[in-house]
Amino acid sequence: MLRRLLLLSLYLPAVFGTLLKEASLSQVQEENLDSLLRHRFYMSRRHDVNLTAKYAVRDFVRQTFEDYGLEVVMHEFPTRKPEFNGTNVIGILNGKESYTPSDRPVLLGAHYDTAVATPGVDDNGSGMALLLETARVVSSRCQPQYTILFAAFDYTEYTISWAGDPCYWDVPCGSQQFVDDWLVSFLEKRNNPQFQGAFIADTLMNWDDTDNSQALPGGFNILFREPYNRIQTNNFRGDFLFLYSRPRDIFLIDTFTQCYNEQSNSSFRLESVVVPIDGQPTAYDKRLYRAQLTSDHHNFWRSSSNFNAIQLTDSANFRGDMQLCHHRMCDNVNIISEVKISFLTKITKAVVDTLLNLSNSIEDCHGK
């Protein structure tokens, strides 16, 4: 009996250690986000500046998706300049209802390219770190009921010179090609399931709780009076995550907001801005809400299929140091801090929970 107890005492720590390790692997890890920013998304990923680094990141994303057991598609597309083709890297986590009309796919997307003169750690290394860490955690769980798509978009950034840019200056062409060329066809081939919508992560890490660190686009106080009043009452502190949506995207907003508010650290606030556009943006909408239509979510809205989508952002060039560093060399690893990683971690956890919720995933599938 004593011998059995001794053996059990040796065996149990190993068992519990394994279980704890497995449990930690299925949770968002701050150190993973930090490492991705410092070692993978720390230099320019621009076609006309550092094409080698851009290709290296593209291939890293593909390999990472494969390592997580995702079905990987390299979606190549032409641009206006034949010497520069683009590649969207897509990871597909099939669900139990995949290939049936009962499926309800949901997507998480972020762009991996950068502007001309920047390492792009916040824009958009932060979005890519969130994308990959979310893919890792979600793929480690039970098979979801519905399909989850992970998309790393190419050619979101563009130059000031329209004539010299491979893409049209006002439309991120990687996500445009993804929506118009790939997503519509993907849904048709899979028996036309209802696409729930897309979450677009674009420039997420900058958190600044000092007074007057948050600037706002021109006209924001008139167009979005309630959010403006809250930000003004909070002394224009940049201590929140922006969500941009339309009224029809309310289900996505409600689900994410609930998951975000369930996370710890209430000092990382949330500000939801509903752009009053009914369906596809008109030419007038694009002029009036220009500042809210600059990221990849715009291509889901402007599609003839009028897909639901929301943008998650720290407001990029309107907050703190990024008012100076956005699209410049100082958007580098020196901007990383403990509080910013904690902010990014909370957002990532909320995105994970949102995707698990919308894909009807279960927490524990042992024995099922």
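In case you missed it, the structure is sitting above this.
One numbering rule holds for all chains: residues counted from 1, following each sequence as written. Per-residue local features are limited, in this predicted model, to residues with pLDDT of at least 70; the limit for side-chain atom pairs, both in listing and counting, is 80 or more; totals at the level of whole chains, interfaces and linings are taken over all residues. Side-chain figures throughout are based on the complete set of non-hydrogen atoms in the structure, without hydrogens or water.

Novice: Is there a simple way to think about the pairing of strand β2 (residues 86–93) in this case?
Specialist: When a strand is regular, its side chains alternate between the sheet's two faces. Buried means the residue's accessible area, taken with a 1.4 Å probe over protein chains only, is under 20% of the maximum for its type, while exposed means over 50%, and partly exposed covers the values in between. Counting from the N terminus, the helices are the DSSP runs of H or I reaching at least four residues and the strands are the DSSP runs of E reaching at least two. With 8 of 8 residues buried, β2 is to be regarded as a mostly interior element. By the alternation rule, side chains of β2 split into Gly 86, Asn 88, Ile 90 and Ile 92 and Thr 87, Val 89, Gly 91 and Leu 93, which are all buried. Strand pairing follows a simple DSSP-based rule, namely that at least 2 bridges must link the two strands. Pairing analysis gives 7 bridges linking strand β1 (residues 71–77) to β2, with the strands arranged antiparallel. Opposite Val 72, over in β2, you have Gly 91 as the bridge partner. Inspection of the sheet shows β2 paired to strand β4 (residues 148–153) by 5 bridges, in the antiparallel sense. Residue pairing in the sheet places Gly 91 in a bridge with Phe 150 of β4.

Novice: Sorry, what's going on with the state of the cysteines here?
Specialist: Formally, a disulfide is one covalent bond, and it connects the sulfur atom of one cysteine to the sulfur atom of another. By convention in this document, the label disulfide applies to cysteine sulfur atom pairs within 2.5 Å. Applying the stated criterion to the full structure yields 1 disulfide. What pairs with Cys 325 in a disulfide is Cys 330, and their sulfur atoms sit 2.2 Å apart. Measuring handedness by torsion sign, the sulfur bridge of Cys 325 and Cys 330 sits at about -115° and is left-handed. Assessed through its relative accessible area of 27%, Cys 330 is described here as partly exposed.

Novice: What exactly am I supposed to notice about the packing of aromatic side chains here?
Specialist: In this description, a pair of aromatic rings is defined by centroid distance and the angle of the planes. Any two of the Phe, Tyr and Trp rings considered here, Trp counted by its six-membered ring, make a pair once their centres fall within 6.5 Å; the pair's planes then place it as stacked at under 30 degrees, edge-to-face at over 60, or tilted in between. In total, this model carries 16 aromatic pairs according to the counting rule given. Note on Phe 220 and Phe 224: the rings are 5.2 Å apart at their centroids and 50° apart in plane angle, and the pair reads as tilted. As far as burial versus exposure is concerned, Phe 220 and Phe 224 are alike and both buried. Residues Tyr 228 and Phe 236 carry aromatic rings whose centres are separated by 5.8 Å and whose planes lie at 65° to one another, so their mutual orientation is edge-to-face. A residue is classified by how much of its surface remains accessible, and Phe 236, at 18% relative accessible area, is buried.

Novice: Looking at this structure, how should I read the packing of helix α3 (residues 51–67) against helix α4 (residues 121–139)?
Specialist: Only the stretch in contact is used when a helix axis is fitted, and all axes are lines through C-alpha atoms; the angle between N-to-C directions ranges over 0 to 180 degrees. At their nearest, the axes of α3 and α4 sit 10 Å apart, and the two run at 20° to each other. Considering the angle they form, α3 stands roughly parallel to α4. Viewed along their axes, α3 and α4 form a crossing whose handedness is left-handed. Facing Phe 60, Val 61, Thr 64 and Phe 65 of α3, the residues of α4 in contact are Met 128, Leu 131, Leu 132 and Ala 135. Residue composition of the contact of α3 with α4, grouped by class: 7 nonpolar, 1 polar and no charged. Roughly parallel refers to an angle under 35 degrees, roughly antiparallel to one over 145, roughly perpendicular to one between 65 and 115, and oblique to any angle outside these ranges. Should the near helix be turned anticlockwise from the far one by less than a right angle, the crossing is left-handed, and should it be turned clockwise, the crossing is right-handed. We call two residues in contact when some of their heavy atoms are within 4.5 Å. Gly is placed with the polar residues, together with every amino acid not listed as nonpolar (Ala, Val, Leu, Ile, Met, Phe, Trp, Tyr, Cys and Pro) or charged (Asp, Glu, Lys and Arg).

Novice: Looking at this structure, how should I read the sheet that holds strand β7 (residues 269–274)?
Specialist: Sheet strands pair by backbone hydrogen bonding; their relative direction is either parallel or antiparallel. Taken in spatial order, the 8 strands of this open sheet run β1-β2-β4-β3-β5-β8-β6-β7, and their pairing is mixed. The strands lining the two open edges of the sheet, one partner per strand, are β1 and β7. Between one strand and the next, the sheet's axes are offset by a mean angle of 20°, whatever the strand orientation. As judged from the 3 bridges shared by strand β6 (residues 240–245) and strand β8 (residues 309–313), these two strands associate in the antiparallel manner. Looking at β8, one finds that Leu 243 is bridged to Leu 312. The strands touched by helix α5 (residues 173–189) are β1, β2, β3 (106–111) and β4; relative to β1, the strand with the most contacts, the crossing angle is about 120°.

Novice: Help me out: how do you make sense of the pattern of salt bridges in this one?
Specialist: Side chains carrying opposite charge are able to pair once their charged atoms draw close together. Salt bridges are counted wherever a side-chain nitrogen of Lys or Arg sits within 4 Å of a carboxyl oxygen of Asp or Glu. Within the structure shown, the criterion is met by 13 salt bridges. One salt bridge connects Arg 62 with Asp 59, and the closest N-O pair in it is separated by 3.6 Å. Separated by 3 residues within a single helix, Arg 62 and Asp 59 lie in helix α3, roughly one turn from each other. Arg 62 sits in the partly exposed class, given a relative accessible area of 28%. Judged by relative accessible area, Asp 59 falls into the partly exposed class, the value being 25%. For Arg 269, the salt bridge goes to Asp 239, with nearest N and O atoms at 3.3 Å. One end of the pair, Arg 269, is in strand β7; the other, Asp 239, is in the loop between α7 (225–233) and β6, with 30 residues separating them in the sequence. Accessibility expressed as a relative area gives 22% for Arg 269, which makes it partly exposed. A single network of salt bridges, built from pairs that share partners, joins Arg 230, Asp 239, Arg 269 and Glu 271.

Novice: Which parts of the structure should I look at to understand the nonpolar core?
Specialist: Soluble globular proteins tend to bury their nonpolar side chains together. Judged by nonpolar contacts, the single largest core of 55 residues is most densely connected at Phe 150, Phe 199, Leu 241, Phe 256 and Leu 312. Ranked by the residues each element gives to this core, the list is headed by helix α12 (residues 338–358), at 10 residues. If sequence neighbours within four positions are ignored, Phe 256 has contacts with Phe 199, Leu 241, Leu 243, Leu 270, Leu 312, Ile 347, Ala 350, Val 351 and Thr 354. Ranked by size, the runner-up nonpolar core spans 33 residues in total, among them Ala 198, Phe 224, Ile 277 and Trp 301. Residues belong to a common nonpolar core when they are buried Ala, Val, Leu, Ile, Met, Phe, Trp, Tyr or Cys residues joined through side-chain atoms within 4.5 Å.

Novice: Where do I start with unusual backbone geometry in this structure?
Specialist: Most peptide bonds take the trans configuration, and most residues that are not glycine carry a negative phi. Look at the link from Asp 123 to Asn 124: it is a cis peptide, with omega at 5°. Tracing the backbone through its elements, the reader meets Asn 124 in helix α4. With a phi angle near 50°, Asn 192 is a residue other than glycine that sits in the positive phi range. Checked against the element boundaries, Asn 192 lands in the loop between α5 and β5 (197–201). One non-glycine residue, Asn 235, lies in positive phi territory at about 60°.

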